Amino acid sequence: MNSSPLSFHIHAQEGQARAGVLRTRRSVIETPVFMPVGTLGTVKGVRFEALESEELDARIILANTYHLWLRPGADVIRACGGLHRFESWGRSLLTDSGGFQVWSLGALRKITEAGVAFRSHIDGRACFLSPEVSMEVQAALGSDIVMMFDECAPGQADHETARTSMDLTLRWGSRSRARFDELQGGEQDSGRCAPTEGLSGAQALFGIVQGATHLDLRKESLARTVEIGFDGYALGGLSVGEEKRVMYDVIEEVAPMMPVERPRYLMGVGTPEDLLEGVARGIDMFDCVLPTRNARSGQVWTARGKLNIKNARFLIDTRPLDESCACSVCRRHTRAYLRHLYVTGEMLASILLTHHNLFYFLDIMRRARQAIALNEFHRFRHETLDMMSAGV
Ligand SMILES: [Zn+2]
């Protein structure tokens, strides 16, 4: 019997683009996949019924270790039976390690070999996050995919800075692996559940490749991360200030060198264009706050590019947000109505715009998967990108 915490099978490939099936102990996930971000145990503005519906059908969502550790706290979630039970979500959960959040605190944090000391952004109390603490919190949350604790160098980091950061990340990767293995072998039962057939009830652990925009460092980071050994591999530290073309180049060079039989995850990226460019370069998993966060400021993605619903030109526009969109918001409501909700500050505006945006991101990946299976991804990508630049 296979005792792996997840299985991954590629069933179609076109160029570097791959279509596959990832099975965790809780759900079957078709890849390439977009994972909605549920930072504080909620994908903001979306009910879980909607995420599970045939329309959105999100098979895996994210949660954020840093935020949930601060509030309500790992002990609270453990006492409530783990994050799946706490938020009542039966499908897969991926938790990030908190590394990126503490890195983002800038002057509020101090990084040492042991970990990161920082002040809580909520009440200013002193906190300390390390590879060991991150693994312990993620075990208490009981997510299906756990991320190793890493340090992120800025996008424009010079070679020396990027190397120092990468070396630290590798040492933290080994410590993450060691503590994770101890926890999986111990009394950690908050995340246990009846496993999917052929899979163990354990959590899976993903490694993170760093090295900023320096290809030699990226390749070294990848080789040494694979040496430690993980269930999947992520590219971290991209879309953090470097030029887009540079990011695509790094993905193009590094992704094909990542283990073929393991899922490849591009963390925190990106726009619909980035998703298609990432898929074309061999990425299987994506997450990003854009569709949910930007919906709350009125920004909407359509097949013909972005629009902002607060724009006066939509005052009496009786068309849907996106005339080619099949989502329930576009089938029912006009731009004029959605604009009215937005400018009057009605909460329904955020809910409806988020729903449409999430549908758009999930649907573009659904169509990418179909295109790869039909060996039409190259054409699909170019037609979709051309249409996006046409303008609303
Ligand atoms: Zn729509």
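The structure contained in this document is the topic of the report that follows. Small disclaimer: the values here were computed from a predicted structure and weren't measured.

So, about the packing of aromatic side chains. Applying the stated criterion across every chain yields a total of 10 aromatic pairs. Here tryptophan 301 and phenylalanine 361 contribute two aromatic rings whose centre-to-centre distance is 5.3 Å and whose plane-to-plane angle is 90°, an arrangement assigned as edge-to-face. With tryptophan 301 in strand 15 (residues 299-302) and phenylalanine 361 in helix 14 (residues 347-373), the pair connects residues that are 60 residues apart, well separated along the chain. An identical accessibility class is assigned to tryptophan 301 and phenylalanine 361; each is buried. Chaining the aromatic ring pairs together yields one cluster made of Phe34, Trp301, Tyr360 and Phe361.

All right, on to helix 7 (residues 159-185) then. In a regular helix each residue adds 1.5 Å, so 27 residues correspond to 39 Å; helix 7 covers 39 Å between its end C-alpha atoms and thus fits that length. You can read the cap of helix 7 off the contacts: a side-chain oxygen lies 3.2 Å from the backbone nitrogen of glutamate 160, and it is on aspartate 158.

Turning to the pattern of salt bridges, a few remarks are in order. As enumerated under the stated definition, the model contains 31 salt bridges in all. Of the charged contacts in the structure, one is a salt bridge between aspartate 57 and arginine 59, with a shortest N-O distance of 3.0 Å. Overall, the relative accessible area of 24% leaves aspartate 57 in the partly exposed class. Among the salt bridges present, the one from glutamate 132 reaches arginine 175, with a minimum N-O distance of 2.9 Å. With glutamate 132 in helix 6 (residues 131-141) and arginine 175 in helix 7, this pair connects stretches of sequence that are 43 residues apart.

One open sheet accounts for eight strands, arranged 4-14-13-12-11-10-6-5; its pairing is parallel. Taken across any chain shown, the strands that pair with only one partner, and hence form the sheet edges, are strand 4 (33-35) and strand 5 (60-64). The mean inter-strand angle of the sheet, taken between neighbouring strand axes irrespective of direction, is 25°. Relative to strand 14 (residues 285-287), strand 4 runs parallel, the two sharing three bridges. Of the residues in strand 14, the one forming a bridge with valine 33 is methionine 285. Contacts from helix 7 reach strand 10 (145-147) and strand 11 (204-209) within the one sheet, and its direction differs from that of strand 11 by about 175°.

To continue, consider unusual backbone geometry. Omega for the peptide link from arginine 71 to proline 72 comes to 5°, which places this bond in the cis form. Geometrically, the link from valine 269 to glycine 270 is a cis peptide bond, its omega value of 10° lying close to zero. When you line up the elements, glycine 270 lands in the loop between strand 13 (264-266) and helix 10 (272-280). Of note, alanine 212 is a non-glycine position whose phi angle comes to about 50°, a positive value. Examined against the element boundaries, alanine 212 turns out to sit in the loop between strand 11 and helix 8 (215-228).

A separate point is the coordination of the zinc ion. Octahedral metals with six donors have ideal donor angles of 90 or 180 degrees. Tetrahedral metals with four donors have an ideal donor angle of 109.5 degrees. Protein coordination at the zinc ion: the donors are Cys325 (SG), Cys327 (SG), Cys330 (SG) and His356 (ND1), at 2.1 to 2.3 Å from the metal. Taken together, the four donor atoms coordinating the zinc ion span angles of 100 to 118° at the metal, a pattern that classifies the geometry as tetrahedral. Written as a sequence motif, the donor residues of the zinc ion are C-x1-C-x2-C-x25-H. One end of the pair, cysteine 325, is in the loop between strand 16 (305-308) and helix 12 (328-332); the other, histidine 356, is in helix 14, and 31 residues separate them in sequence. Classification of histidine 356 by relative accessible area gives buried; the value is 0%.

Take a nonpolar patch on the surface next. Residues Tyr337, Met347, Leu348 and Ile351 make up a contiguous nonpolar surface patch of roughly 360 Å² in combined accessible area. Per-element accounting of the nonpolar patch gives the leading share, three residues, to helix 14. Relative to the elements of secondary structure, leucine 348 occurs in helix 14. Of the residues examined, leucine 348 reaches a relative accessible area of 32% and is grouped as partly exposed.

Here we come to the packing of helix 6 against helix 7. As a packed pair, helix 6 and helix 7 sit with axes 8 Å apart at the nearest point and diverge in direction by 40°. Here helix 6 is positioned oblique relative to helix 7, judged by the angle of their axes. Between helix 6 and helix 7 the crossing geometry is right-handed. Packed against helix 6, whose contacting residues are Pro131, Glu132, Met135, Glu136 and Ala139, the element helix 7 presents Trp172, Arg175, Ser176, Arg179, Phe180 and Leu183 at the interface.

What counts and what doesn't
- Residues numbered from 1 in each chain as written.
- Predicted model: local features only at pLDDT ≥ 70, side-chain atom pairs only at ≥ 80, totals over all residues.
- Heavy atoms only, no water.
- Phe/Tyr/Trp six-rings, centres within 6.5 Å; stacked < 30°, edge-to-face > 60°.
- Helix = DSSP H or I, 4+ residues; strand = E, 2+ residues; numbered from the N terminus.
- Buried < 20%, exposed > 50% of the residue type's maximum accessible area, 1.4 Å probe, protein only.
- Expected span 1.5 Å × (residues − 1).
- Polar contact = N/O pair within 3.5 Å; in protein donor to acceptor, adjacent residues only side chain to side chain.
- Salt bridge = Lys/Arg side-chain N within 4 Å of Asp/Glu carboxyl O.
- Pairing = 2+ DSSP bridges.
- Axes fitted to C-alpha atoms, helices over the stretch in contact; angles between N-to-C directions.
- Contact = heavy atoms within 4.5 Å.
- Donors = N, O, S within 2.8 Å, 3.2 Å for Na, K, Ca; no water.
- Tetrahedral: all angles 85-135°; square planar, octahedral: opposite > 155°, others 65-115°.
- Patch = residues over 30% accessible without salt bridge, like charges linked within 9 Å, V, L, I, M, F, W, Y side chains within 5 Å.
- Areas by Shrake-Rupley, 256 points an atom, 1.4 Å probe, with all protein chains shown as cover.
- Parallel < 35°, antiparallel > 145°, perpendicular 65-115°, else oblique.
- Left-handed = near helix turned anticlockwise from the far one by under 90°.

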